[in-house]
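Each chain is listed here by its residues.
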Amino acid sequence: MSRRLLWALPPVALLALFFLYPLALVVQQSFQPDGGGTSLRPYADVFASEAFRNALWTTVWLALASTAGCLVLGFLLSLVIAFVPFPGAKAVARFIDVYLSFPSFLITLALLFIYGTTGIIGSFQFLTTPWGVLLAEVTYFTPFVMRPLLAAFSQLDTAQLEAAGSLGARAPRIIRRIILPESLPALAAGGSLVLVLCLNEFGIVLFTGAKGVTTLPMLVYSKAILESDYPGACVVAVVNVLISVSLYGLYRVVSRRAGA
Amino acid sequence: MGIRFDSVTVAYDGNVVLDSLDLTVEPGEVMALLGPSGSGKTTALRAVAGFVRPVSGRVLLGGRDVTDLPPYQRGIGMVVQSYALFPHMRVDENVAFGLKTRRAGKTETRQRVAEALELTGMAAYARRHPRELSGGQQQRVAIARALAIRPDVLLLDEPLSALDARLRSGMLAELARLHRELPDMSMLYVTHDQVEALTLADRIAVMDAARLQQCGTPRELYRSPKNEFTASFVGGANVLPVTVGCGGVGFAGTELKVDTGNAVAGARATLCVRPHVIGLGQGPNQLTGVVREIQWRGATHRLYVEVDGHSVMADVRELKDPPALGDPVSLHFAAEDAVLLPAGAGHE
C-alpha cells in the first residue's frame with residue numbers, strides 16, 4: 001500500500017504545484033481587493049459592471065451559436081465524407097486530423113485574407129463583429145465535431161442502411177431515423193467539447209473581433225494587462241472556470257444517461 | 001412474383017465478380033444460391049436488392065425490369081447474416097419501420113407488426129431492444145421486419161451463418177414452415193452450406209468463380225452432377241481421374257464397371273463416387289489401398305484411403321474394429337452409384 005502511495009506521490013505533487021496551486025492563487029486573489037484585506041468586494045464590483053454582464057452574455061451566446069453551427073455543419077460534412085463515395089474522401093478525413101493540430105489564430109489569420117478589410121472580399125468588414133467571430137469559430141471548431149462523428153459512422157453497420165433502403169426508406173429518412181439517432185452520443189461528445197472550447201476561446205476573438213466583441217477571456221486579458229485590475233481579472237477567470245467545470249459535469253451526466 | 005436474371009454481369013474496377021448469370025426463380029419457389037465465398041452468389045442477391053448495378057444484363061421481378069430502380073422502390077424483403085436490426089429501436093419499432101416508410105395507417109401498422117411477430121414467434125418480445133435478445137431471436141426479428149411489408153420476394157443472405165449448429169437446424173425448420181405459410185413468396189437463399197441448401201431449396205444454383213455451374217433440384221445435383229465442382233461441393237464426392245474403356249473405366253490399373261454412356265473408349269474422364277456409397281471389403285468394382293486417416297463421426301467412420309496415389313474418402317457404418325493407419329483395405333461400390341463426367345468438366 002505504502003509503495004503504491006509512493007508511486008502516486010510525484011504526479012500528484014507536480015499537479016498540485018504547477019496547476020492547483022496557481023489556480024488557488026487566482027481564487028485567493030479574487031477575494032483580495034486592491035485596498036487590502038479579504039472581501040467579496042471584487043465580485044460585487046465586477047458583477048455590477050455592465051462590461052462584465054455584456055461579456056458574459058456575448059460569451060454564452062457566441063459559444064452556443066458556434067456549437068450549434070459546428071454540429072450542423074460537422075454532421076453534414078461527415079455524412080458526405082463517410083457515405084458519399086468520392087475520390088479523395090480518405091484524404092479529406094486524414095486532413096481533418098491534421099486540421100485539429102492547427103492553432104486557432106492561424107484559421108483566423110487565414111480568414112482575414114479573405115474577409116478582412118484588405119482581403120479578397122474586403123468590403124464586407126464584418127470580421128470585427130460577433131458574426132466574424134462566429135464564422136471563425138465555426139470554421140475552426142467544426143472538425144472537432146467531425147472527428148468523433150466520423151469514428152461513429154465508421155462503426156455503423158452499412159447493412160442497417162441497406163436494410164432500411166430495402167424497407168422503402170430514402171436517404172433523408174435513413175439519415176433522420178437511423179444515422180442521426182445512432183450518432184447522438186458522438187454528437188454530444190463533440191458538441192460539448194466544442195462548447196467548452198468556445199467558452200474559453202481567446203485567440204480567435206483577439207484576432208478578429210478584438211475591438212467590438214468582448215468575451216470573458218478577453219475581459220480577463222484586458223483587466224489584467226491593460227487595466228492592471230488583478231482582483232477583477234481573477235473574478236472573471238473564476239467565473240469562466242466555474243462555467244466550464246459545470247458544463248463538463250453536465251456533459252458527464254448527459255453522456256452517462258445516453259449510455260455512451 | 002418470380003425473379004429473372006438475364007445475362008447479369010457485375011464488375012468492380014474491371015474485376016468480374018458475376019459473369020453473365022442466367023437464372024429464373026419461379027413465383028413461390030425457394031432457390032438456393034450455393035457456393036464458396038467469392039463465387040458471386042451474394043453479388044447476385046445484391047443485384048436483385050438493388051445494391052449493386054450490373055454492368056450489363058437485366059434483373060426482372062415479376063416480369064418488370066427493375067435494373068435501374070433504386071432499392072427503396074423494389075419492395076423486396078431482405079435478411080442478412082448480421083441481422084442489421086436498428087439498435088435504438090424496440091423490436092416492434094424495427095418491424096414497423098418498413099410500414100411507416102410506406103405511410104401505412106396506425107391500425108394497419110399495429111396489426112401487421114403483430115402478425116409478423118406472431119409468424120416468427122417473437123410476439124412476447126415486442127417491447128424489448130435488440131441488444132436484449134439472443135442471436136437466434138434477433139434473426140427472427142429481422143425476418144419479421146422483412147415480412148411485415150408483405151414482400152413478394154424475400155432475399156436471405158447467409159441468414160443462419162452467425163448462429164450455432166443447434167439453433168441453425170431449428171431456424172431451418174422455421175424457415176421451411178414460413179415458406180409453407182407464405183407459399184406465394186419467392187425466396188432467394190444465399191448460403192455456402194450445402195445442408196441448408198439441400199434441406200430448404202426447391203432448386204439449387206451452384207456457383208463458383210463468378211459463374212453458375214449448375215442449377216437443378218437437390219436430387220438432380222446430387223445424382224447427376226454436371227461437373228467436378230458440383231460433384232465435390234454438393235455432397236463431397238470423390239472425383240477420380242479415369243480412362244474410358246469398353247463397358248467400364250480404368251483407374252489405378254483396375255477395371256471398374258460403370259455406365260460409360262456415350263463416352264469414347266480411350267478418352268480421359270472423371271468418375272464421381274460419393275463417400276457414403278463406398279463399402280469396406282470385397283465386392284464388385286473393388287479398389288485396394290492403404291488407410292491414411294480415420295475419423296470417427298459417431299454413426300459412421302470416415303476413411304481416407306490412398307489408392308495408387310489418389311486419396312479416396314469412404315463413409316462406412318461405425319466399425320466395431322476399425323483398421324489401423326497403414327493397414328491395407330479393400331473398397332467397393334455399385335456401378336449405378338457412380339457418375340462419369342467427361343474430362344475437363346471442371347468448371348463452367
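Residues numbered from 1 in each chain as written. Chains lettered and ligands numbered in written order. Predicted model: local features only at pLDDT ≥ 70, side-chain atom pairs only at ≥ 80, totals over all residues.

1. Details of the overall build of chain B
Then, number 1: A count of helices and strands for chain B gives eight helices and 20 strands.
Then, number 2: When the backbone C-alpha atoms are referred to their principal axes, chain B occupies close to 75 × 50 × 35 Å.
Then, number 3: Here chain B holds 348 residues, and the buried ones make up 41% of them.
Then, number 4: Residue pairs at least 24 apart in sequence account for 66% of intrachain contacts in chain B once pairs closer than 6 positions are excluded. (Helix = DSSP H or I, 4+ residues; strand = E, 2+ residues; numbered from the N terminus. Buried ≥ 20, exposed ≤ 12 C-beta atoms within 10 Å, placed from the backbone. Contact = placed C-beta atoms within 7 Å.)

2. Looking at the nonpolar core
Considering soluble globular proteins, one finds that nonpolar side chains tend to be buried as a cluster.
Then, number 1: In this structure, B:Ala32, B:Leu33, B:Leu155, B:Leu188, B:Tyr189 and B:Ala205 are the most contacted members of the largest nonpolar core, which totals 79 residues.
Then, number 2: With near-sequence residues (within four places) excluded, B:Leu33 lies in contact with B:Lys41, B:Ala44, B:Leu45, B:Leu188, B:Tyr189, B:Val190, B:Ala205 and B:Met207.
Then, number 3: Counting 46 residues, the second largest nonpolar core, distinct from the first, contains A:Leu134, A:Leu135, A:Val145 and A:Cys198. (Core = buried A, V, L, I, M, F, W, Y, C linked by C-beta atoms within 7 Å.)

3. Re the sheet that holds strand E15 (residues 279-280) of chain B
Residue and element names in this part refer to chain B.
Then, number 1: One open sheet holds the five strands; their spatial order is E15-E19-E16-E17-E18, and the pairing between them is antiparallel. Bordering the open sheet on either side are E15 and strand E18 (310-317), each of which pairs with just one other strand.
Then, number 2: Taken together, the six bridges between strand E16 (residues 286-296) and strand E17 (residues 300-307) define a ladder with antiparallel strand orientation. Following the sheet pairing, Val291 is matched in E17 by Val305. (Pairing = 2+ DSSP bridges.)

4. Remarks on the confidence of the model for chain B
Segments scoring low in pLDDT should not have their predicted coordinates read at a detailed level.
Then, number 1: Averaged over all residues, the pLDDT of chain B equals 91, while 99% of them reach at least 70.
Then, number 2: Here the predicted complex carries an ipTM of 0.83, next to a pTM of 0.81. (pLDDT = per-residue confidence, 0-100.)

5. Quick word on the sheet that holds strand E7 (residues 153-157) of chain B
Residues and elements named next belong to chain B.
Then, number 1: Judged by pairing direction, the sheet is mixed, and its six strands sit side by side in the order E6-E7-E8-E3-E9-E10 without closing on themselves. With one partner strand each, in any of the chains shown, strand E6 (77-80) and strand E10 (211-216) form the two edges of the open sheet. Strand-to-strand, the axes of this sheet are offset by a mean angle of 15°, without reference to chain direction. (Axes fitted to C-alpha atoms, helices over the stretch in contact; angles between N-to-C directions.)

6. Focus: the interface of chain A and chain B
Then, number 1: Between chain A and chain B, the contact holds 16 residues from the first and 17 residues from the second.
Then, number 2: Listed by contribution, the elements that provide at least two residues to the side of chain A that touches chain B are helix H7 (158-166) and helix H8 (171-182) of chain A.
Then, number 3: At seven residues, H7(A) tops the list of elements feeding residues into the side of chain A that touches chain B.
Then, number 4: Each residue belonging to the side of chain A that touches chain B can be placed in one class, and the counts come to seven nonpolar, four polar and five charged. (Nonpolar A, V, L, I, M, F, W, Y, C, P; charged D, E, K, R; others polar.)

7. Thoughts on the packing of helix H2 (residues 91-101) of chain B against helix H4 (residues 135-148) of chain B
Residue and element names in this part refer to chain B.
Then, number 1: Where H2 contacts H4, the axes come no closer than 7 Å and their chain directions differ by 25°. Relative to H4, the element H2 is oriented roughly parallel. Read as a crossing pair, H2 and H4 show a hand that is right-handed. For the pair formed by H2 and H4, the contact residues are Val91, Asn94, Val95, Phe97, Gly98 and Leu99 on the first element and Val141, Ala144, Arg145 and Ala148 on the second.
Then, number 2: Of the residues assigned to the contact of H2 with H4, the class counts are seven nonpolar, two polar and one charged. (Parallel < 35°, antiparallel > 145°, perpendicular 65-115°, else oblique. Left-handed = near helix turned anticlockwise from the far one by under 90°.)

8. Points about the domain arrangement of chain B
Residue and element names in this part refer to chain B.
Then, number 1: Domain boundaries assigned for chain B yield domain 1 (3-228) and domain 2 (236-342).
Then, number 2: On a C-alpha basis, the centres of domain 1 and domain 2 stand 38 Å from each other.
Then, number 3: Split into classes, the residues belonging to the side of domain 1 that touches domain 2 amount to one nonpolar, two polar and one charged. (Domains from an automatic or database assignment.)

9. Thoughts on H2(B)
Then, number 1: Counting buried residues along H2(B), eight of its 11 residues qualify, which places the element largely inside the surrounding structure.
Then, number 2: The complete set of buried residues in H2(B) reads B:Val91, B:Asp92, B:Asn94, B:Val95, B:Ala96, B:Phe97, B:Gly98 and B:Leu99.
Then, number 3: Along its buried surface, H2(B) packs onto H7 of chain A together with helix H3 (106-119) and H4 of chain B.
Then, number 4: Trailing H2(B) by a residue or two, B:Arg103 shows a phi angle of about 55°, which is positive.

10. Notes on helix H6 (residues 130-155) of chain A
All names here are of chain A.
Then, number 1: Under the 1.5 Å per step criterion, the end-to-end length of H6 is 37 Å for 26 residues, consistent within 8% with the ideal 38 Å.
Then, number 2: Where H6 bends most, the angle comes to about 35°, and this point is Phe141, followed within four residues by the proline Pro143.
Then, number 3: Across the 26 residues of H6, 21 count as buried, placing the element largely inside the fold. (Expected span 1.5 Å × (residues − 1). Bend = angle between axes of the 7 residues up to and from the residue.)

11. As for unusual backbone geometry
Then, number 1: Here A:Ser228, not a glycine, exhibits a phi torsion of approximately 50°, which is positive.
Then, number 2: Checked against the element boundaries, A:Ser228 lands in the loop between helix H11 (216-226) and helix H12 (230-257).
Then, number 3: Classification of A:Ser228 by C-beta neighbours within 10 Å gives exposed; the count is 10.
Then, number 4: Positive phi values are uncommon outside glycine, yet B:Tyr83 reaches one of about 70°.
Then, number 5: Mapped onto the elements of the fold, B:Tyr83 is located in the loop between E6 and H2.

12. Quick look at the confidence of the model for chain A
Then, number 1: Chain-level pLDDT for chain A is 85 on average; 92% of the residues reach the 70-or-more range.
Then, number 2: Summarising per-element confidence for chain A, the mean pLDDT is lowest in helix H5 (residues 104-115) of chain A (78) and highest in H8(A) (94).

13. Description of the environment of B:Asn94
All names here are of chain B.
Then, number 1: Structurally, Asn94 can be placed in helix H2.
Then, number 2: Under the C-beta neighbour-count criterion, Asn94 is labelled buried, with 27 such atoms within 10 Å.
Then, number 3: Linking Asn94 and Val113, residues 19 residues apart in sequence, is a C-alpha distance of 9.3 Å.
Then, number 4: Excluding residues within four positions of it along the chain, Asn94 makes contact with Leu85, Phe86, Met89, Val141 and Arg145.

14. Examining the pairing of E18(B)
Remark: a regular strand shows side chains that alternate across the two faces of the sheet.
All names here are of chain B.
Then, number 1: Examined bridge by bridge, E17 and E18 share eight bridges and lie antiparallel to one another. Note that in E18 the partner of Leu303 across the bridge is Ala314.
Then, number 2: With antiparallel pairing between neighbouring strands as the criterion, E17 and E18 make up a hairpin whose turn holds two residues, including Asp308 at a positive phi of roughly 50°.

15. What about the packing of helix H3 (residues 50-83) of chain A against H6(A)?
When two helices pack together, their arrangement is captured by the angle between the axes and the distance separating the axes.
All names here are of chain A.
Then, number 1: Contact pair H3 / H6: the axes reach a minimum separation of 6 Å and the direction vectors enclose 45°. Classified by the angle between their axes, H3 and H6 sit oblique to one another. Of the two elements, H3 crosses H6, and the hand of that crossing is right-handed.
Then, number 2: Considered class by class, the residues forming the contact of H3 with H6 number 19 nonpolar, seven polar and one charged.

16. Brief notes about the pairing of strand E4 (residues 56-61) of chain B
Residues and elements named next belong to chain B.
Then, number 1: Sheet topology note: the strand E1 (residues 3-12)/E4 ladder contains five bridges and is antiparallel. When the sheet's bridge partners are listed, Thr9 is paired in E4 with Ser56.
Then, number 2: Direction of pairing for E4 relative to strand E5 (residues 64-65): antiparallel, over a ladder of two bridges. From the neighbouring strand, Leu60 faces E5, where its bridge partner is Asp65.
Then, number 3: Between E4 and the antiparallel strand that follows it, E5, lie two residues; Gly62 among them carries a positive phi value of about 55°.

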